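Summary of the model geometry
Letter by letter, the chains look like this.
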Amino acid sequence: MRGENVYRFKIFRYDPSERESGPYFQTYDVRVEPGLTVLMVLLRIRDEIDGTLAFRSSCRSAVCGSCAMVINGKIDLACRTQVSKFDEKTIILEPLPNLDIIKDLVVDMTPFWRMYERVKPYLIRKTPSPQKELPQSEEERKRIDQFVNCILCASCYSACPVVARDPEYLGPHAFAKLERFISDSRDERPLSDLLEFDNPHGLWGCDTVLKCIEACPKNVRPTDSIVNLRKRLIKLRLFGKDRK
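Residues numbered from 1 in each chain as written. Predicted model: local features only at pLDDT ≥ 70, side-chain atom pairs only at ≥ 80, totals over all residues. Heavy atoms only, no water.

1. Section: the side chain of Asp50
Tracing the chain through its elements places Asp50 in the loop between α1 (38-49) and β3 (68-71). For Asp50, a relative accessible area of 12% corresponds to the buried category. (Helix = DSSP H or I, 4+ residues; strand = E, 2+ residues; numbered from the N terminus. Buried < 20%, exposed > 50% of the residue type's maximum accessible area, 1.4 Å probe, protein only.)

This is the structure we're talking about:
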């Protein structure tokens, strides 16, 4: 296939159940119309060219985060990446790093979710819940806005060099979510909960190289959350105040 609008997609293929074949890149030449995203091309390849290609997708609106992958060396969401943004006509697609491959572009998210659960990512109340809603001021809401935007796409986790060398490191996604709830005016968890993460696999493991911030498609800054949580932990250690 030749033509001005024909792009070559080199897609990582691997099926662990067929270990003898090993990983490889498969090439697909696809005619791309203006406005087409990487995800739309993947759907077209699967529907019209190769039904064995495996990848995740759902909302197609950069909300669910399921189509995160490496696109020409950069972690991003396939559903929001326009093919026409690239100067070159060859586009390389690879699965997210730091996670085992289930098949092709689909990775095993189990370690990601296991670490996420450890921070108790939900509101914790000590006092009885009121009959009506718990109001927040605009200022209180602004404190958590950034971290509410996290869509749990695992881009930050996959970009993190600490996760790459330490599988027991909690990960930037978990700390961003912990900061989201610990900063929430309605949450009543004690600061002593942070003591669980007062170790090299927790808050002190981060290298602060900001790779998580670069990778986040929603402009969340997990490194900021880690710095803030470290400050809270130091205050707890110095002054012993268990209240936020």
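2. Details of the packing of helix α3 (residues 138-148) against helix α6 (residues 172-182)
One can describe the packing of α3 onto α6 by two numbers: an axis separation of 9 Å at closest approach and a directional angle of 160°. As the angle between them shows, α3 and α6 are arranged roughly antiparallel. Crossing geometry of α3 relative to α6 is assigned as left-handed. Facing Ile144, Phe147 and Val148 of α3, the residues of α6 in contact are Ala176, Lys177, Glu179 and Arg180. Considered class by class, the residues forming the contact of α3 with α6 number four nonpolar, no polar and three charged. (Axes fitted to C-alpha atoms, helices over the stretch in contact; angles between N-to-C directions. Parallel < 35°, antiparallel > 145°, perpendicular 65-115°, else oblique. Left-handed = near helix turned anticlockwise from the far one by under 90°. Contact = heavy atoms within 4.5 Å. Nonpolar A, V, L, I, M, F, W, Y, C, P; charged D, E, K, R; others polar.)

3. Looking at the pattern of salt bridges
Applying the stated rule across the entire model yields 17 salt bridges. Arg118 is the salt-bridge partner of Glu196, the closest N and O atoms lying 3.5 Å from each other. Of this pair, Glu196 sits in the loop between α6 and α7 (211-215) while Arg118 sits in helix α2 (residues 110-118); the two residues are 78 residues apart in sequence, bridging distant segments of the chain. With relative accessibility at 41%, the residue Glu196 sits in the partly exposed group. The shortest N-O distance in the salt bridge between Asp184 and Arg180 comes to 2.8 Å. Asp184 sits in the buried class, given a relative accessible area of 1%. Given a relative accessible area of 11%, Arg180 falls into the buried group. (Salt bridge = Lys/Arg side-chain N within 4 Å of Asp/Glu carboxyl O.)

The quantities given are spatial measurements derived from coordinates; they are silent on function.
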